[in-house]
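One-letter residues, chain by chain:
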Amino acid sequence: MQNKYKEAINTLRALSIDQVDTANSGHPGLPLGAAPMAWSLWAHEMDFWPEDRSWPNRDRFILSAGHGSALLYSLLHLFGYPTTADDLRGFRTLHSKTPGHPEYGHTEGVETTTGPLGAGISTAVGFAMAESRLAAQFNKPGYDLIDHHTYVLAGDGDLMEGISNEASSLAGTLELGKLIVLYDSNNITIEGDTDLSFKEDVAGRYRSLGWHVLTVEDGEDIRAIVGAIDAAKQEKIKPSLIEIKTKIGFGSPLEGSAQCHGSPLGADDNEATKKKLGYGEAEFVVSAAVKEQVAEILAEKEKNYRAWKELEAGYRENFPAEYEAFVAGFDAEKKDLSFMDEDEYWQPVEKDMATRASSHVYLQKVARGMGNLFGGSADLAPSNKSDMKEEGQYSVDNRAGGNVNFGVREHAMAAIVNGIYLHGGFRSYGATFLVFSDYMKPQLRLAALMHLPVTFLFTHDSIGVGEDGPTHQPIEHLTMLRSIPNMIAYRPADSTEVAAAWYVAMHSKETPVALALTRQGVPELEGTSKEALKGGYVVKKESGSLDLILIASGSELAPAVSVAEKLAEEGCGVRVVSMPSQELFEAQSAEYRQSVLPEEANARVSVEAGSRMSWYRYVGRDGLAIGIDEFGASGKADAVFDLFGLTEEKIYAAVRQYLDGRK
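As recorded in an unreviewed UniProt entry, the chain goes by the name Transketolase, listed as coming from Aedoeadaptatus ivorii. Its UniProt record gives the chain a comment under Function (unreviewed entry), which states: "Catalyzes the transfer of a two-carbon ketol group from a ketose donor to an aldose acceptor, via a covalent intermediate with the cofactor thiamine pyrophosphate." The annotation that UniProt attaches to the chain under Catalytic activity (unreviewed entry) is "D-sedoheptulose 7-phosphate + D-glyceraldehyde 3-phosphate = aldehydo-D-ribose 5-phosphate + D-xylulose 5-phosphate".

*Asks:* What should I look at first to understand the domain arrangement of the chain in this one?
*Replies:* Interface size, as often reported, equals the accessible area lost upon joining of the parts. By the assigned domains, the chain splits into domain 1 (1–302), domain 2 (338–516) and domain 3 (530–661). Each of domain 1 and domain 3 has a C-alpha centre, and these two points are 52 Å apart.

*Asks:* When you look at the sheet that holds strand 7 (residues 240–245) in this model, what are you seeing that I'm missing?
*Replies:* Strand pairing in a sheet takes place through backbone hydrogen bonds and is either antiparallel or parallel in direction. Taken in spatial order, the 5 strands make up an open sheet running 1-2-3-7-6, and their pairing is parallel. Whereas interior strands pair on both sides, the edge strands pair on one side only; in this sheet they are strand 1 (60–63) and strand 6 (212–216). When strand polarity is set aside, the average angle formed by the axes of neighbouring strands in this sheet is 20°. Across 6 bridges, the pairing between strand 2 (residues 150–155) and strand 3 (residues 179–185) is parallel. Each residue of the ladder has a partner; that of Ala 154, found in strand 3, is Tyr 183. Contacting strand 1, strand 2, strand 3 and strand 7, helix 2 (residues 29–44) runs over the sheet at an angle of about 155° to strand 3.

*Asks:* For this particular structure, what's the right way to read the environment of Pro 31?
*Replies:* As for its position among the elements, Pro 31 is in helix 2. On the accessibility criterion, Pro 31 (0% relative accessible area) is buried. Apart from the residues lying within four places of it in its own chain, the contact partners of Pro 31 are Arg 13, Ser 16, Gly 68, Ala 70 and Leu 71.

*Asks:* Teacher, can you tell me more about the sheet that holds strand 18 (residues 624–626) here?
*Replies:* The sheet built from 5 strands is open, its strands ordered 14-16-15-17-18 with mixed pairing. Strand pairing shows two members of the sheet lacking a second neighbour, strand 14 (537–540) and strand 18, which therefore form its edges. Neighbour-to-neighbour, the strand axes of the sheet open up by a mean angle of 25°, direction not taken into account. Across 3 bridges, the pairing between strand 17 (residues 604–607) and strand 18 is parallel.

Rules used in this analysis
Residues numbered from 1 in each chain as written. Predicted model: local features only at pLDDT ≥ 70, side-chain atom pairs only at ≥ 80, totals over all residues. Heavy atoms only, no water. UniProt positions renumbered as here; feature names shortened; annotations may be inferred. Domains from an automatic or database assignment. Pairing = 2+ DSSP bridges. Helix = DSSP H or I, 4+ residues; strand = E, 2+ residues; numbered from the N terminus. Axes fitted to C-alpha atoms, helices over the stretch in contact; angles between N-to-C directions. Contact = heavy atoms within 4.5 Å. Buried < 20%, exposed > 50% of the residue type's maximum accessible area, 1.4 Å probe, protein only.

Right, dumping it as structure tokens:
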């Protein structure tokens, strides 16, 4: 087997190092060392069909060690994906289809964006969870519509990152037997030998996490690698880690050295590498013999694909309702969201409550209407109010359940939520306290970068957390969320705006939505309406002249309205604008934004229990931003709000002083 496929494996190597050398940028070490395991997986084990790249039952491949992207692009090129030789020549150049790290939605065949180490293997856990839940929901006797594996190629750096251990721990607990990780164990990082910082027994650690662990001593041994993957596929309960011992930069003069991790080989070493490998083709050329081998392999893969299409046709005929639901889960255009336009959906709650509590009410409506929500909390569901009452718990004993117990694993939770959506079939969400969005930031950013319309529930959104003190009181976090490109942050003031928040989240097609919800109760307000879908709107219009605009979000809207009423009694024409989402407001037409915040009305005050930074775009140089630019304090919520000047009385005093100063 080794000799038969030697040229094909070396073709992967040559295509990869030629990409790196042409760009004079990239990572040749991983492709040279990992090419045999990549070939073994793609040629002999994975089910896929390059002409139907959205095939729901394809095996998923995630290059967690995303810096080795040249290897992935070589695989895509070799196995019939629309990654051309010219694309390979354009490696790491502006607007090419072969960017420095794999980007979902940019290069056909890339299942998720990777590069930040640990992200890929963690996201893969979400893929495996989605596969198992879909199978439980839709498979019928004789009709295994969903039955595939999720494969990961990970390196030492991936397994050093804490997120990978969080996710791997959960994967072991949930017994995700169709998750298989190929561990490229070469003992080298950028700084040198892994002994400098990573001497643990990785195999032992993964066994303790509940994984099935195998070892391949020689990363060049195709037969052993294929055998290990087969053994992993036979293990139906535990996820599998296959440690494959390789040499970074195999075949090059820099073999085994950190010097080939992230630097081009250069012309001389490139030539020497190909000579040692016995490879004689020109740059970016695949020999006729290798093309013939690949064609034979793809012919077998097409047979598997065609067999599944026949099974799909039978399923559609025998289970039409289930098939329709299955297809709608993968295609947002076919998902019926009309229930969110009905009066029943928009019915406000009957009593004043925290927005985390009213969110729980609307979550139940959304879960029933969507039928494919999948998510949960990082061990805070009772506090986040994030459980779906009718969905059951997703577990080893109940794969059909929709509520996930992520445990205290915020970073991994965010990656897994991304993975669930990326797999297809579900709308996903994750929940925790807003202050812990810090732990999740890298995956929030990846969700936005990948244009994933996932939902993040963040409760306990301000100093209203109270007694838990400054460690748990978010100050800068809303500003952080607002700073992420292609992210919608939504901080509702009452249940009507909560309904709007969920509406936005479920209708979003390519933007993640973060809901910031209160711990403390808030009143139901007159004036809030479906206009909240626009992100900013007038909830209380001025009487007579427009002397002042008060802009507020969330729990600060109610005191802002009270202050406006008091100022109106004094003859001041005050407009109150609710702005739950700056991003949605900015997406409105210039005419609409002008109608809400007239340019000539420059007496403006913003009120929000958090950093003032993001509000200056609205209050301007002549306005006043009332907020908090220091850490909070431990005490009763009312006392903490008073301390930081965010009670109705103190807001009024600050606004009155501001107006008096303008005279």
